[in-house]
Protein chains: 2
Amino acid sequence: MARVTTQEAIVTKGAAIVHEKGFRGAGLQEILRASGIPKGSFYFYFRNKDEFGLALLEHYWGMIRSLAERFLEDPGAPPLVRLERYMDAYREMFADMGFRRGCPVGNLAQEMSDLNEPFRERISEIYAGMHGLIAKVLEEAQRRGELSPGLDAGKAAWFILDGWEGAIMHMKLSKSGEPLEIFKKMLFECVLKTGA
Amino acid sequence: MARVTTQEAIVTKGAAIVHEKGFRGAGLQEILRASGIPKGSFYFYFRNKDEFGLALLEHYWGMIRSLAERFLEDPGAPPLVRLERYMDAYREMFADMGFRRGCPVGNLAQEMSDLNEPFRERISEIYAGMHGLIAKVLEEAQRRGELSPGLDAGKAAWFILDGWEGAIMHMKLSKSGEPLEIFKKMLFECVLKTGA
């Protein structure tokens, strides 16, 4: 029990620092200081910084899934409304952070894809998971006649995920929510149209 | 003359190393070794690593503009065909790099926006420049009746730029050109439709 708690403390503190500074920019000393644990204890929980990084990815993926559960899988709303609320929930969360930091998974994809193969593989799986969550909503909208059946839901879900990640990157650059708003508006007006 | 040549050599070698490893991940020693110049000479051309980083941004922006001149501003092709060829030219370039590295400006936006205000400001200006190049093409297509006049060209250009940056990020993650192809297909089929 104590073991899990300490390990979780390191991951939670580390997740915030890595989110801010990148994986390589976040020093182990700083993470240890923030978690209030000595270096020796760190190596009790993680073999090395890479293993810690993979634990961070699980932490971020858990956060994404819990937001998806709450908004994308809400049984009380039509699918495209759920997608819109999901995007709004991210916008709110980013606004609370002053439109800094960006998407922790996108950041690590950008930073680590060429440098660390286990990271790249795990981030690819998380991307596939995020894609699946969106594709499922689009397919449900098609079954309900709320989205054109001519749209390729799988491709559209990648278009949405990649575009959203790019808009988040621009948000982080401009320190403003406008890129997210433009993306959402264009998406719903031009791509996700009602109709059989 | 010699001064410009040495400075350019540092920037060219440095640009490749930073493109691969990020700005903070690229050590000054490694850049100096690759350029074949001693440390003292570096400080003859640049006050510090940040000033060097800003010179890199100008280098990247120059590359973007020359590609835009060749494809986006080609007077021999209709505007949307030019946009498609511009995207294809990027895809080719990325394919030659094994779909690694990604967009140097996008990488630095992701890495540096929260950490270095002069970088953030200059990258924002470059983003505005890239946006302007795309918006101009869309407006021309509208004037020629080749794109719906109902589309907001300014917003659509941000949607394209941000989506393309996100697709490049996914390309770098998946080590494949597929995200770029999906983005282009969805864009031309769903957003950039002909018609008055």
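If you're wondering where the values come from, they're calculated on a predicted model, not measured in any experiment. (Residues numbered from 1 in each chain as written. Chains lettered and ligands numbered in written order. Predicted model: local features only at pLDDT ≥ 70, side-chain atom pairs only at ≥ 80, totals over all residues.)

Draft legend 1. Spotlight on the overall build of chain A. Helix and strand counts for chain A come out as 9 helices and 0 strands. Reading the secondary structure of chain A in the N-to-C direction produces α-α-α-α-α-α-α-α-α. For chain A, the C-alpha atoms occupy an extent of roughly 60 × 35 × 30 Å along the three principal directions. Long-range pairs, those at least 24 residues apart, make up 63% of the contacts in chain A between residues at least 6 apart in sequence. (Helix = DSSP H or I, 4+ residues; strand = E, 2+ residues; numbered from the N terminus. Contact = placed C-beta atoms within 7 Å.)

Draft legend 2. Layout of the nonpolar core. By size, the foremost hydrophobic cluster in this structure holds 110 residues, and its most contacted members are Ile123 of chain A together with Ile123 of chain B. Setting aside chain neighbours within four positions, we find isoleucine 123 of chain B in contact with Leu173 of chain A together with Leu57, Val105, Leu108 and Ala109 of chain B. (Core = buried A, V, L, I, M, F, W, Y, C linked by C-beta atoms within 7 Å. Buried ≥ 20, exposed ≤ 12 C-beta atoms within 10 Å, placed from the backbone.)

Draft legend 3. Quick peek at the environment of lysine 39 of chain A. All names here are of chain A. With respect to the helices and strands, lysine 39 occurs in helix α3 (residues 39-45). When the 9 C-beta atoms within 10 Å are taken as the criterion, lysine 39 is described as exposed. Residues lysine 39 and histidine 131 lie 92 residues apart in sequence; the distance between their C-alpha atoms is 38 Å.

Draft legend 4. Just the environment of arginine 70 of chain A, in detail. The topology assignment puts arginine 70 of chain A in helix α4 (residues 49-71). A count of 13 C-beta atoms within 10 Å places arginine 70 of chain A in the partly exposed class.

Draft legend 5. Highlighting unusual backbone geometry. Residues and elements named next belong to chain A. In the Ramachandran plot, phenylalanine 99 falls in the positive-phi region, its phi being about 55° despite a non-glycine side chain. Positionally, phenylalanine 99 belongs in the loop between α5 (79-96) and α6 (104-112). The buried category is assigned to phenylalanine 99, around which 22 C-beta atoms lie within 10 Å.

Draft legend 6. Representation of the interface of chain A and chain B in the model. Across the boundary between the two partners, chain A contributes 40 residues, which contact 40 residues of chain B. Listed by contribution, the elements that provide at least two residues to the side of chain A that touches chain B are α6, α7 (117-143), α8 (153-174) and α9 (178-191) of chain A. When residues of the side of chain A that touches chain B are assigned to their parent elements, the largest contribution, 15 residues, is made by α8 of chain A. Of the residues assigned to the side of chain A that touches chain B, the class counts are 16 nonpolar, 12 polar and 12 charged. (Nonpolar A, V, L, I, M, F, W, Y, C, P; charged D, E, K, R; others polar.)

Draft legend 7. Structural view of the domain arrangement of chain A. All names here are of chain A. Examined at the domain level, chain A breaks down into domain 1 (1-46) and domain 2 (48-191). On a C-alpha basis, the centroid separation for the pair domain 1 and domain 2 is 26 Å. Each partner contributes residues to the interface: domain 1 has 11 residues there, and domain 2 has 15 residues. It is helix α1 (residues 2-21) that provides the largest number of residues to the side of domain 1 that touches domain 2, a total of 6 residues. A per-class count over the side of domain 1 that touches domain 2 returns 6 nonpolar, 3 polar and 2 charged. (Domains from an automatic or database assignment.)

Draft legend 8. Inspection of the relation of the copies chain A and chain B at higher detail. It takes a turn of 180° to lay chain A on chain B, together with a shift of 0.0 Å along the axis; the resulting RMSD is 0.0 Å. Read as a symmetry element, the transformation amounts to a two-fold axis. In this assembly the copies share their binding face: 100% of the residues contributing to the interface of chain A also contribute to that of chain B. (Least-squares fit on C-alpha atoms with pLDDT ≥ 70 in both.)

Draft legend 9. Up close: the packing of α9 of chain A against helix α8 (residues 153-174) of chain B. Taken N-terminus to C-terminus, the directions of α9 of chain A and α8 of chain B make an angle of 100°; their axes are 9 Å apart at the nearest point. What the angle tells us is that α9 of chain A and α8 of chain B run roughly perpendicular. Counted together, Pro179, Ile182, Phe183, Lys185 and Met186 of chain A of α9 of chain A and Lys155, Ala156, Trp158, Phe159 and Asp162 of chain B of α8 of chain B form the full contact between these two elements. A class-by-class count of the residues in the contact of α9 of chain A with α8 of chain B yields 7 nonpolar, no polar and 3 charged. (Axes fitted to C-alpha atoms, helices over the stretch in contact; angles between N-to-C directions. Parallel < 35°, antiparallel > 145°, perpendicular 65-115°, else oblique.)

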